[in-house]
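Close look at the chain arrangement
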Amino acid sequence: MSAIDLHTHSTASDGTFSPAELVKAAKEVGLTAIALTDHDTMEGLPEALETGVKCGVEVVPGCELSVESKVGVLHVVGLWVDPYSERLKRVFDEVRARRIERNEAVVGKLQKLGFDISMEEVQGQAAGTLGRPHMARVMLQKGYVKSFDEAFDEYLGKKGKAYYPKNNISAEEAFDLLRSTDATPILAHPFLLSSDEEELDREVGRLKEMGLQGIEVYYSSHTIEMTGIAKGLARKHDLLASGGSDFHGYVKPAIKLGKGAGNLFVHHSVLDGIKAFRQSRGLKI
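Every chain's residues receive numbers from 1 upward, in the order its sequence appears when written. Residue-level local features of this predicted model are given only where pLDDT is at least 70; pairs of side-chain atoms are given and counted only at 80 or more, and the full residue set underlies all totals for whole chains, interfaces and linings. Computation of side-chain values: all heavy atoms of the structure, hydrogens and water removed.

Some remarks on the environment of S194
Where we set the bar: A run of H or I in DSSP counts as a helix once it spans at least four residues, and a run of E counts as a strand once it spans at least two, with each numbered from the N terminus. Contact definition: two residues touch when any of their heavy atoms are within 4.5 Å. Within 3.5 Å is the distance limit for a polar contact, defined as a pair of N or O atoms, with the added protein rule that one can donate a hydrogen and the other accept it, and that residues adjacent in sequence qualify only through two side-chain atoms.
Mapping S194 onto the fold places it in the loop between β6 (184-187) and α8 (197-210). Along the chain, S194 and F148 lie 46 residues apart, while their C-alpha atoms are 24 Å from each other. Beyond its immediate stretch of four places on either side in the chain, S194 contacts E199 and L200. Side chain to side chain, S194 and E199 meet in a polar contact 2.6 Å long.

Quick word on the pattern of salt bridges
Put simply, the rule reads: When a carboxyl oxygen of Asp or Glu is within 4 Å of a side-chain nitrogen of Lys or Arg, the pair counts as a salt bridge. Classification of residues uses two cut-offs on accessible area relative to the type maximum, computed with a 1.4 Å probe and protein chains only: under 20% is buried, over 50% is exposed, and between them is partly exposed.
Within the structure shown, the criterion is met by 11 salt bridges. E121 is the salt-bridge partner of K142, the closest N and O atoms lying 2.7 Å from each other. Linking K142 in the loop between α5 (132-141) and α6 (148-156) with E121 in helix α4 (residues 119-123), this pair joins segments that are 21 residues apart in sequence. By relative accessible area, which is 33% here, K142 ends up partly exposed. You can call E121 partly exposed: its relative accessible area is 29%.

Structural notes on α6
In plain terms, the rule: Note that the arc is defined by the directions from the helix axis to the C-beta atoms.
The set of residues buried in α6 consists of F148, A151, Y155 and L156. Projected down its long axis, α6 carries its buried residues within an arc of 75°, all on one side. Residues of α6 that are exposed and point over 90 degrees away from its buried face: D149 and D153.

Considerations on the nonpolar core
Where we set the bar: The definition of a nonpolar core used throughout is a set of buried Ala, Val, Leu, Ile, Met, Phe, Trp, Tyr and Cys residues joined through side-chain atoms within 4.5 Å.
Counting residues in each nonpolar core, the largest one holds 47 residues, and the members touching the most others are L65, V67, V81, L207 and I215. Ranked by size, the runner-up nonpolar core spans 19 residues in total, among them V106, V122, V138 and Y155.

Section: the layout of surface pockets
In plain terms, the rule: Here a cavity denotes a set of grid points, spaced 1 Å apart and computed over the protein atoms alone, in which a 1.4 Å probe fits but from which it cannot get out, and a pocket denotes an open set meeting protein on both sides within 12 Å along at least five of seven lines; residues with an atom within 4 Å of a point are reported as lining. Grid points are joined across faces, edges and corners, and a volume is the space filled by probe spheres set on the points. The residue classification treats Ala, Val, Leu, Ile, Met, Phe, Trp, Tyr, Cys and Pro as nonpolar and Asp, Glu, Lys and Arg as charged. All others, Gly included, are polar.
What the second largest pocket holds in volume is close to 270 Å³. Looking at side-chain class alone, the lining of the second largest pocket contains eight nonpolar, two polar and four charged residues.

Brief notes about the packing of α5 against α6
So the rule is basically this: Between N-to-C directions, angles span 0 to 180 degrees; the directions come from axes that are lines fitted to C-alpha atoms, helices contributing only their stretch in contact. In what follows, roughly perpendicular refers to angles from 65 to 115 degrees, roughly parallel to angles under 35, roughly antiparallel to angles over 145, and oblique to any angle outside these ranges. By definition, any crossing whose near helix is turned counterclockwise from its far helix by less than a right angle is left-handed, and any crossing with a clockwise turn is right-handed.
Orientation of α5 relative to α6, taken along the N-to-C sense of each, is 110°, at an axis distance of 9 Å. Judged on the interaxial angle alone, α6 and α5 are roughly perpendicular. For the crossing formed where α5 meets α6, the hand is right-handed. Here α5 contributes R132, P133, M135, A136, R137, M139 and L140 to the contact with α6, which in turn contributes F148, A151, F152, Y155 and L156. When its residues are assigned to classes, the contact of α5 with α6 shows 10 nonpolar, no polar and two charged.

Quick look at the structure:
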């Protein structure tokens, strides 16, 4: 059966596979299509698209945005973004500037906690967009932590000692931005937004009014029950069903490309459904 993965990351943001390596890996594990959805950048898309043509793997150009909402930070995946959109590039430049400020603040907190870590060392770990996973790599290499999970749980995650919030764009701005490039906006890993079913239902309804068009029904950490709830939300709010692993490479070793934690399977019919939706609106696929 044809499997796909519509949520992956490369070295253009915080993954460990180059865009070309990612597409080749997708071919090796039998995926027929993937979406490259790096955080706040489209820099890896040309390489991924070119490699996809050579390898016979369909590559959907995408990105992932961190967005502020009433109930906290949510992530929106944009599928079929224009890799050369000047407006999107300008916004990503602004987002990266905010990210630099945040990275410096986090490294400063780590230094105050007694860790011998510099921004130069962290930058040396990044081929693309620099972020907390690159700090975790330095901490791991220097023996300050024993795993990436420990780095995030104890220091870099939302409840960590060195956490510093990022100044994200608003949901309204995100949907307007994605519409400007004819992308299809998908709510990523919805249960990270809220584990309360009623609250999640309300937020999904509110986001639909702003321009949300799909939801990740299939995701690495979803249980059978969570998948069922997400399917119900998609039906209730007339949203497209999407799905992906959120693959990053060895920074998230438990998450395998196309398979997530082992039980993920996103059928090619999911991609067909999104394509049909786009074609009905005269959008490119």
